Each structure stands twice: as structure tokens, then as C-alpha cells.
Amino acid sequence: MATFELYRRSSIGMCLTETLDEMVSSGTLSPELAIQVLVQFDKSMTEALETQVKSKVTIKGHLHTYRFCDNVWTFILQDATFKNEGNQENVGRVKIVACDSKLLTQ
């Protein structure tokens, strides 16, 4: 199963990467095992988002920048509003990265 490495740049992914780096630096963990943990993290995040997340979100905002490169869309929105099942959250600036999930099966 192929996966994207997008989730490594999320808050939890960055914390995991920092912790693994510290463990490798201190000799607690081998670099090979740290890489295996990151690969498993990518697989687990992809599977969890595909199978466990059922809610839908509406996003509105001012499109500041967009690009499409290597089958990856990147959008930067300013003054964005996220709406989900009666909840609403306003965000000053948000970056959205979207990939075609069909690429995972190739």
C-alpha cells in the first residue's frame, strides 16, 4: 500500500518526527527502525482518515494562492470559515494540501 507523507507535517507528525530524532540521537533507536515507524504512521493516518472520519466540512475564505504540481493541489486561504454540523470556526490563514487518493493504488 503506497501512502503520502503529508501527515508528517501535521502537529502530531512533527512531534513524532522530533521524538524519533531525539531517540536516534541518543542511541535508543536505530535510524532504520525510526524510518519504519514513520512509514507505519503514514499508513495508519491514511487508513484512519479513510475509514473512521465520516463528517463533512464546508470551507469558505479568500483564496490567496493556489498551485497544482505533481498531482498535488495546494490552496492558501485567508479569513477562512470552517462549518461542520452546526459548529463554526474562523481562521486567519490556512493551507490546504489535497492529493488524488487514486494515486495510492498505483
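Being a predicted model, the structure only gives us computed values, none of them experimental.

Structural notes on helix α2 (residues 31-51)
Part 1: Across its 21 residues, α2 extends 30 Å between first and last C-alpha, which sits within 8% of the 30 Å expected from 1.5 Å per residue.
Part 2: Along α2, the residues classified as buried are Ala 34, Leu 38, Phe 41, Asp 42 and Thr 46. For α2, the arc enclosing every buried residue in end-on projection is 120 degrees, short of the 170-degree limit, so these residues lie on one face. Exposed side chains of α2 directed beyond 90 degrees from the buried face belong to Glu 32 and Gln 36.
Part 3: Of the surrounding elements, those touching the buried residues of α2 are α1 (11-26).

Re the domain arrangement of the chain
Part 1: What the domain assignment reports for the chain is domain 1 (6-52) and domain 2 (57-100).
Part 2: Each of domain 1 and domain 2 has a C-alpha centre, and the two are 25 Å apart.

Remarks on the packing of α1 against α2
Part 1: Running from amino to carboxyl end, α1 crosses α2 at an angle of 170 degrees, the nearest separation of the two axes being 10 Å. Here α1 lies roughly antiparallel to α2, going by the angle between them. Judged by the twist between their axes, the crossing of α1 over α2 is right-handed. Within the contact between the two elements, α1 uses Ile 12, Gly 13, Leu 16, Thr 17, Leu 20 and Val 24 and α2 uses Pro 31, Ala 34, Val 37, Leu 38 and Phe 41.
Part 2: Looking at the contact of α1 with α2, its residues break down into 9 nonpolar, 2 polar and no charged.

Remarks on the UniProt feature "domain: Transcription initiation factor IIA gamma subunit C-terminal" (unreviewed entry) in the chain
Part 1: With numbering aligned to this structure, UniProt lists the feature "domain: Transcription initiation factor IIA gamma subunit C-terminal" (unreviewed entry) at residues 60-101.
Part 2: Strand forms 86% of residues 60-101 and helix 0%; the C-alpha atoms that close the span are 23 Å apart.

Considerations on the pairing of strand β2 (residues 72-84)
On any regular strand, side chains alternate: one points to one face of the sheet, the next to the other face.
Part 1: The sheet contact formed by strand β1 (residues 58-69) and β2 spans 10 bridges and is antiparallel. Each bridged residue has a counterpart across the sheet, and for Ile 59 the counterpart in β2 is Phe 82.
Part 2: Linking β1 to β2, which pair antiparallel, is a turn of 2 residues; within it Asp 70 sits at a positive phi near 55 degrees.
Part 3: Two successive antiparallel strands, β2 and strand β3 (residues 87-99), enclose a turn made up of 2 residues, where Glu 85 displays a positive phi of approximately 45 degrees.

Observations concerning unusual backbone geometry
Part 1: Despite not being glycine, Asp 70 has its phi angle at roughly 55 degrees, a positive value.
Part 2: For Asp 70, the position within the fold is in the loop between β1 and β2.
Part 3: The residue Glu 85 is not glycine, and still its phi comes out positive at about 45 degrees.
Part 4: Inspection of the secondary structure puts Glu 85 in the loop between β2 and β3.

Cut-off values and rules
Residues numbered from 1 in each chain as written. Predicted model: local features only at pLDDT ≥ 70, side-chain atom pairs only at ≥ 80, totals over all residues. Heavy atoms only, no water. Helix = DSSP H or I, 4+ residues; strand = E, 2+ residues; numbered from the N terminus. Expected span 1.5 Å × (residues − 1). Buried < 20%, exposed > 50% of the residue type's maximum accessible area, 1.4 Å probe, protein only. Arc of directions from axis to C-beta. Contact = heavy atoms within 4.5 Å. Domains from an automatic or database assignment. Axes fitted to C-alpha atoms, helices over the stretch in contact; angles between N-to-C directions. Parallel < 35°, antiparallel > 145°, perpendicular 65-115°, else oblique. Left-handed = near helix turned anticlockwise from the far one by under 90°. Nonpolar A, V, L, I, M, F, W, Y, C, P; charged D, E, K, R; others polar. UniProt positions renumbered as here; feature names shortened; annotations may be inferred. Pairing = 2+ DSSP bridges.

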